[in-house]
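Topology and contacts: notes
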Amino acid sequence: MSGKSGPFLPNIGNPPRALLFSRFGTAEDATMPGMRILSAIALSLLLALSASAGPGTATAAGGRLSAPTPIAEIGAKFLLPADAAPIPIRPLQTRTWTFGNGERSWEENRVNPLEAWRLRELLGEWECMNRALRLSIARVALPPPPKDLDPRCDDVLPEALDEFFSSRPAPSSPDDLRRWAAAFRGAEPSAGPLPLSPPPFARLARLDRLDFADGSALYVLAFARTPATSHLPQATFAVLLRAHGVPADRLRAFAEQQLFAALRPISSQEASAAASASRRAAAASPGLSGSFRPHPTREAAHRSIAAQKNWWAIDSEDYVLLSDLHDGNAKKMARDLLEKLQDARGIYAKMAPPFAATKDDVSVVRIFDTEEEYVDYVGAAHKNTCGLYVPSRRELIIRPIEGAGGRANKYAEILSTALHEGFHQFLHQGTGNANASVWLNEGHATLFETLSIHHHRVEIPEDKGRMHRLLTVLKANPDAVLPTFLQMDYAQYYAGTHEQVLGHYALGWGFTYFLRRGAPLLRGDPYAAVFPRYFEAMKNGASNDEATRAAFEGIDLARLEADFRAFFSPQGSGNRNKALRTPVR
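Residues numbered from 1 in each chain as written. Predicted model: local features only at pLDDT ≥ 70, side-chain atom pairs only at ≥ 80, totals over all residues. Heavy atoms only, no water.

1. Notes on the overall build of the protein chain
In terms of helices and strands, the protein chain carries 19 helices and 20 strands. Among the 585 residues that make up the protein chain, the fraction classed as buried is 51%. A separation threshold of at least 6 residues defines the contact pool for the protein chain, and within that pool the share at least 24 residues apart is 66%. Summed over all atoms, the accessible surface of the protein chain reaches about 25700 Å², with 54% contributed by carbon and sulfur. (Helix = DSSP H or I, 4+ residues; strand = E, 2+ residues; numbered from the N terminus. Buried < 20%, exposed > 50% of the residue type's maximum accessible area, 1.4 Å probe, protein only. Contact = heavy atoms within 4.5 Å. Areas by Shrake-Rupley, 256 points an atom, 1.4 Å probe, with all protein chains shown as cover.)

And the structure:
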């Protein structure tokens, strides 16, 4: 940790930059909605039916178990209920802490150690039986971190967590397993671990159960080591089942008489195929040429969907895209999207030069197959958004476009959202998680959402729709708009009616377009220093207000307003046409 010696004073104990950037608004960081459950009576009947059927046949509502779900990390194949729906694993959340030692202050990006540990152990989660049952599968490879890993604050630097885990053995004793189960479940077991007799043919060396007061149960399992299973990883793993209001004996019967009776180790051929596929994915992704550098973000993203059927990943040099789109052209669309994002990244970097000394330079994009999945993931508060960039989780999330409109139009909307949110993502990561002024951040994101990208050639066209709305705003506000606009914070930018918010977006687009394309045509280029001065102040730790003041220092705002309005006036059409033929600054 850098800095002079002295007391560490955490001035901010929660993430001050928890805004979600969207094309229509922002709000607090989304949380996963609670599991929707059936009534206890209905689920009990379903489980009773399951317990009475033979292995490999039981599911909710009289259906059958699904095809095997292999999990290579533990060498196991599970037969999950046929309606098992994977729950996307959320990326690790970071929090920005401000520290001081009496002489200076600085910021550090930290993570919750318990959340980070759980994500390292977790392999997959599913909702089953009409979302009445939640099932989690995890490795038991790392001990949970202590609460006082860093006594100065609740969160820790990621490298401190890496150092802790690198020197700790896997939990093995009953006390170790009990501590592991308590940390993973978030509650103390009421009993256990209780050794059980493994079901026939499952090839298990151990099957222990830990019970919890709410009726949920966590099982610890390991395959027997024999010549026939010598190819399997020497892994102990856990299965956690939660279903509120269901008698514990019903839940145990489902797990012990069916789920584990149908459990099988993967074959040596399957293990070899999985290893080969993993190596291929690490080296390059289908449809994109070249090999892409290994990166913790890339590896975590691939691992997060490894056990989720229907999910797939495609990589580029600076991105990894995750999706469960199943349309026949989905992967072709995803490859094209990544290529265009990769091309757009060049103009992002030209206009907002990154300055953070960070390894946070691979970005995650997630596209859902259905609107229901999107809303479940981002939360009801953001159900009307086209897409979100969640700064605390470094993830760009895109809503699928359903309904009429044609495939080309739907893809154009997805691409527009990705280019807009992609700038928010790039700026946040490239500036060390700094939160730029809203006029600059949203102004550029809106500018980039209509990028024209063909054969790696990137152009910024004039957005007729934004310009029409901008002219309406300027006509309705004949006096100066820039002084108020430049002082807006995020809450003010997204406040008001839908039309007012769209007016703010139009102002952001128009002002940025003018400074980037129109202002260089003015004699002496009087506004050339605006953006360089802003980013230099930002680099030196200035606040949003301070950076904005630095950017416009010495500039006559009345003259700027007049030039801005003149550029978009009917008399300015010649300059706008000339601007389209002039390289972007």
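2. Thoughts on the confidence of the model for the protein chain
Per-residue confidence for the protein chain averages 84 on the pLDDT scale, and 85% of its residues sit at or above 70. Of the regions scoring below 50 in pLDDT, residues 1-19 engages in 53 contacts with residues more than four places distant in sequence or in other chains. Below a pLDDT of 50 lies the segment residues 284-289, which in the model reaches 15 contacts outside its immediate sequence neighbourhood of four places, other chains included. (pLDDT = per-residue confidence, 0-100.)

3. Let's talk about unusual backbone geometry
The linkage connecting Gly-192 with the following residue, Pro-193, adopts the cis geometry, with an omega of 5°. One can find Pro-193 in strand β9 (residues 191-195). In this structure, Asn-310 takes a positive phi of about 75° despite not being glycine. Mapped onto the elements, Asn-310 comes out in the loop between α7 (296-304) and β14 (312-315). Among the residues examined, Asn-310 registers a relative accessible area of 64% and is labelled exposed.

4. A short note on helix α15 (residues 498-518)
In this model, α15 (21 residues) spans 28 Å end to end at C-alpha, consistent with the 30 Å of a helix rising 1.5 Å per residue. Most of α15 is tucked away: 18 of the 21 residues are buried. (Expected span 1.5 Å × (residues − 1).)

5. A short note on the nonpolar core
Soluble globular proteins tend to pack their nonpolar side chains together in the buried interior. Counting 78 residues, the largest nonpolar core has Tyr-348 and Trp-439 as its most contacted members. In terms of residues, this core owes the most to one element, helix α8 (residues 330-351), which gives ten residues. One finds Ile-71, Ala-76, Phe-78 and Ala-217 within the second-largest nonpolar core, a separate group that totals 34 residues. (Core = buried A, V, L, I, M, F, W, Y, C linked by side-chain atoms within 4.5 Å.)

6. Here we look at the sheet that holds strand β13 (residues 264-265)
Ordered in space as β2-β3-β13, the three strands form an open sheet in which the pairing is antiparallel. At either margin of the open sheet sits one strand with a lone partner, and together these are β2 (69-71) and β13. Strand direction decides the pairing type here: β2 and strand β3 (residues 76-78), joined by three bridges, are antiparallel. Paired with Pro-70 across the strands is Lys-77, a residue of β3. (Pairing = 2+ DSSP bridges.)

7. Overview of the pattern of salt bridges
For the structure on display, the rule yields 34 salt bridges. Two residues, Asp-162 and Arg-120, come together in a salt bridge whose shortest N-O distance is 2.3 Å. Taken as a pair, Asp-162 in helix α3 (residues 158-166) and Arg-120 in helix α2 (residues 113-121) lie far apart in primary sequence, 42 residues in all. The exposure class of Asp-162 is partly exposed, given its relative accessible area of 39%. Measuring nitrogen to oxygen at the nearest pair gives 2.7 Å for the salt bridge that ties Glu-462 to Lys-464. Overall, the relative accessible area of 13% leaves Glu-462 in the buried class. (Salt bridge = Lys/Arg side-chain N within 4 Å of Asp/Glu carboxyl O.)

8. Digging into the pairing of strand β17 (residues 387-390)
Side chains Gly-387 and Tyr-389 of β17 all project onto a buried face; the interleaved residues Leu-388 and Val-390 project onto the opposite face, where all are buried too. Pairing of β17 with strand β18 (residues 395-398) involves four bridges; the strand directions are antiparallel. When the sheet's bridge partners are listed, Leu-388 is paired in β18 with Ile-397. What sits between β17 and β18 in their antiparallel hairpin is a turn of four residues, with Arg-394 showing a positive phi close to 55°.

9. Details of the packing of aromatic side chains
The geometry of an aromatic ring pair is captured by two quantities: the separation of the ring centres and the angle between the planes. Counted by the stated rule, this structure contains 35 aromatic pairs. Here the aromatic rings of Phe-564 and Phe-568 are separated by 5.7 Å at their centres, their planes lie at 80°, and the arrangement is edge-to-face. Take Phe-564 and Phe-568: they sit in the same class, and that class is buried. For the cation-ring pair, Arg-90 lies above Tyr-377, with the distance from its terminal atom to the ring centre recorded as 4.6 Å. Lying across the ring of Phe-184, Arg-118 places its NZ or CZ 4.4 Å from the centre. (Phe/Tyr/Trp six-rings, centres within 6.5 Å; stacked < 30°, edge-to-face > 60°. Lys NZ or Arg CZ within 6 Å of the ring centre and 35° of its normal.)

10. Points about the side chain of Arg-110
Mapped onto the fold, Arg-110 is located in strand β6 (residues 105-111). Taking the relative accessible area as the measure of exposure, Arg-110 reaches 0% and is therefore buried. A polar contact of 2.9 Å, which involves the side chain of Arg-110, links it to the side chain of Glu-108. (Polar contact = N/O pair within 3.5 Å; in protein donor to acceptor, adjacent residues only side chain to side chain.)

11. Considering the sheet that holds strand β8 (residues 133-139)
On the basis of which strands lie adjacent, the open sheet formed by seven strands has the order β4-β7-β8-β12-β11-β10-β9 and antiparallel pairing. One side of each edge strand has no neighbouring strand; the edge strands of this open sheet are β4 (85-86) and β9. Sheet topology places strand β7 (residues 122-128) next to β8; six bridges connect them, and they run antiparallel. Within the sheet, the bridge partner assigned to Gly-124 lies in β8 and is Ile-137. Packing of helix α4 (residues 174-185) onto the sheet brings it into contact with β7, β8, β9, β10 (204-211), β11 (217-223) and β12 (236-242), and relative to β10 it is tilted by some 55°. (Axes fitted to C-alpha atoms, helices over the stretch in contact; angles between N-to-C directions.)

12. A short note on the environment of Trp-117
Among the secondary structure elements, Trp-117 is positioned in helix α2. Using a relative accessible area of 0% as the deciding quantity, one classes Trp-117 as buried. Residues Trp-117 and Leu-142, 25 residues apart in the sequence, show an inter-C-alpha distance of 7.7 Å. Only 2.9 Å separates the side chain of Trp-117 from the backbone oxygen of Leu-142, close enough to count as a polar contact.

13. As for the packing of α2 against α3
Contact pair α2 / α3: the axes reach a minimum separation of 11 Å and the direction vectors enclose 55°. Between α2 and α3, the angle falls in the class oblique. Viewed along their axes, α2 and α3 form a crossing whose handedness is right-handed. Where α2 abuts α3, its residues Pro-113, Ala-116, Trp-117 and Arg-120 lie against Leu-161, Asp-162 and Phe-165. Of the residues in the contact of α2 with α3, the class split is five nonpolar, no polar and two charged. (Parallel < 35°, antiparallel > 145°, perpendicular 65-115°, else oblique. Left-handed = near helix turned anticlockwise from the far one by under 90°. Nonpolar A, V, L, I, M, F, W, Y, C, P; charged D, E, K, R; others polar.)

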